[in-house]
Amino acid sequence: MTKIVAIANQKGGVAKTSSTIAIASLISRGKTCLTIDLDPQGNCTDGLGVRDISDDQFTAYNLLDLRQDPNAIVLSTQWGIDLTPADIGLAQKEVELIAAPDSHYILKEQLRKLSQYDYIFIDCPPSLGRLTYSALTAADFVLIPVQCQYFSAKGYKQLLSTIQAVQMRSNSDLQILGVLPTMSDNTNISKGALVSLSKVEGVDVFHSVPRSIKFTESQLAGIPIDRYIQENHSTKERDDLTEKLIEPYQRIVDRLLSLEVAYA
Ligand SMILES: Nc1ncnc2c1ncn2[C@@H]1O[C@H](COP(=O)(O)OP(=O)(O)OP(=O)(O)O)[C@@H](O)[C@H]1O
Ligand SMILES: [Mg+2]
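Residues numbered from 1 in each chain as written. Chains lettered and ligands numbered in written order. Predicted model: local features only at pLDDT ≥ 70, side-chain atom pairs only at ≥ 80, totals over all residues. Heavy atoms only, no water.

1. Looking at the sheet that holds strand β7 (residues 175-184)
For step 1, the next point in the chain: Taken in spatial order, the eight strands line up as β3-β4-β2-β5-β1-β6-β7-β8 in an open sheet, and their pairing is mixed. Each edge of the sheet is formed by a strand with only one pairing partner; in this case those strands are β3 (75-76) and β8 (209-210).
For step 2, the next point in the chain: In this structure, strand β2 (residues 33-37) lies alongside strand β5 (residues 119-123), joined through five bridges in parallel fashion. Looking across to β5, one finds that Thr 35 is bridged to Phe 121.
For step 3, the next point in the chain: The sheet strands contacting helix α1 (residues 16-27) are β1 (3-7), β2, β5, β6 (141-147) and β7, and the helix crosses β5 at an angle near 165 degrees. (Pairing = 2+ DSSP bridges. Helix = DSSP H or I, 4+ residues; strand = E, 2+ residues; numbered from the N terminus. Contact = heavy atoms within 4.5 Å. Axes fitted to C-alpha atoms, helices over the stretch in contact; angles between N-to-C directions.)

2. As for the environment of Pro 248
For step 1, the next point in the chain: Looking at the secondary structure, you find Pro 248 in helix α11 (residues 235-263).
For step 2, the next point in the chain: Here the alpha-carbon distance between Pro 248 and Ser 208, two residues 40 residues apart in the chain, equals 6.4 Å.
For step 3, the next point in the chain: Here Pro 248 is in contact with His 207, Ser 208, Val 209 and Glu 243, once residues within four sequence places are set aside.

3. Focus: the packing of helix α4 (residues 90-99) against helix α6 (residues 130-138)
For step 1, the next point in the chain: Axis separation between α4 and α6 bottoms out at 9 Å; the angle between their running directions is 75 degrees. By the angle between their axes, α4 is roughly perpendicular relative to α6. Residues Leu 90, Glu 94, Leu 97 and Ile 98 of α4 form the contact with α6, whose own contacting residues are Arg 130, Leu 131 and Ser 134.
For step 2, the next point in the chain: For the contact of α4 with α6, the per-class residue count stands at four nonpolar, one polar and two charged. (Parallel < 35°, antiparallel > 145°, perpendicular 65-115°, else oblique. Nonpolar A, V, L, I, M, F, W, Y, C, P; charged D, E, K, R; others polar.)

4. Quick notes on the environment of Gly 42
For step 1, the next point in the chain: Mapped onto the secondary structure, Gly 42 falls in the loop between β2 and α2 (43-47).
For step 2, the next point in the chain: On the basis of relative accessible area, Gly 42 is assigned to the buried category, the value being 5%.
For step 3, the next point in the chain: Through-space distance from the C-alpha of Gly 42 to that of Ala 60 is 9.9 Å; in sequence the pair is 18 residues apart.
For step 4, the next point in the chain: When sequence neighbours within four positions are dropped, the list of residues in contact with Gly 42 reads Asp 37 and Ala 86. (Buried < 20%, exposed > 50% of the residue type's maximum accessible area, 1.4 Å probe, protein only.)

5. Concerning the nonpolar core
For step 1, the next point in the chain: Of all hydrophobic cores here, the largest spans 40 residues; its most connected members are Leu 38, Leu 107, Leu 111, Ile 120, Ile 122 and Ile 144.
For step 2, the next point in the chain: Ignoring sequence-local partners within four residues, the contact set of Leu 111 consists of Ile 4, Ile 36, Ile 120, Ile 122 and Ala 138.
For step 3, the next point in the chain: Counting 35 residues, the second largest nonpolar core, distinct from the first, contains Cys 44, Phe 206, Ile 225 and Leu 245. (Core = buried A, V, L, I, M, F, W, Y, C linked by side-chain atoms within 4.5 Å.)

6. Some remarks on α1
For step 1, the next point in the chain: If you check α1, its first and last C-alpha atoms are 16 Å apart, about what 12 residues at 1.5 Å a residue would give, namely 16 Å.
For step 2, the next point in the chain: Among the 12 residues that make up α1, 12 are buried, leaving the element largely enclosed by the rest of the structure. (Expected span 1.5 Å × (residues − 1).)

7. Some remarks on a negative patch on the surface
For step 1, the next point in the chain: On the surface, Asp 239, Glu 243, Glu 247 and Asp 254 cluster together into a negatively charged patch.
For step 2, the next point in the chain: Inspection of the secondary structure assignment puts Asp 239 in helix α11.
For step 3, the next point in the chain: Residue classification places Asp 239 among the exposed positions, given a relative accessible area of 52%. (Patch = residues over 30% accessible without salt bridge, like charges linked within 9 Å, V, L, I, M, F, W, Y side chains within 5 Å. Areas by Shrake-Rupley, 256 points an atom, 1.4 Å probe, with all protein chains shown as cover. Salt bridge = Lys/Arg side-chain N within 4 Å of Asp/Glu carboxyl O. Lys, Arg positive; Asp, Glu negative; His and termini not counted. Charge placed at Lys NZ, Arg CZ, Asp CG, Glu CD.)

Following this line, the structure appears as structure tokens:
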């Protein structure tokens, strides 16, 4: 059965998109996977190397319309990861969804028609609006990237209470996969964030992803980070970078795969 994972945090720039691409790329080596860009900024679309969306290309805007066949909106990328792309037009959909009752179920309904995938990853926008609410309503799991340097306990609480609201109102099956601390370094602020995160009961904290310019480089190149490291570095650099930057994402993939066994 398809497992749907939303990558969400209303705070901007915490590595939602980078994490979505990294995890999708690792999992696509053994599983079929679709990535849905649910952010009008279109960063996930860009980051997977899909740069020019033609005017007649359907996007996540069309996905959120029950009359459309979601299979007709999927693009294949050169990485073996399928993609429902997004562009700025999706911003208008948020407005339309607010005006329609029960519109947060549309995405869930549409994703049922994509049951050929083992995994669907949804890259959420930096807000707690209708798009994120729709993703949480459709998802089996939510992964929460948190940037260590700018960790805000208040913002984190707000996100957890939104997740709780979704669990009570529209998706009782939603589980928090865990929190992923990102852009960690040796500063006291970063270390303090890790301590604060570890104190929240019932939410697993994954190994942190250190700060590295390689993420921005790979995003600009439109190449998933694991493949960017493979293709652009010497063997020694590769081993070092893979251990530091890819290993935390591999742990998340391993967790997802182990849950698959547990559910079987
Ligand atoms: N571990 C990291 N170290 C340093 N920079 C990183 C790291 N992960 C991501 N970045 C960079 O930080 C910036 C923000 O990352 P990203 O776009 O993934 O965040 P986001 O949460 O999706 O942002 P938004 O909320 O705008 O959608 C990007 O330039 C990205 O390349
Ligand atoms: Mg993003």
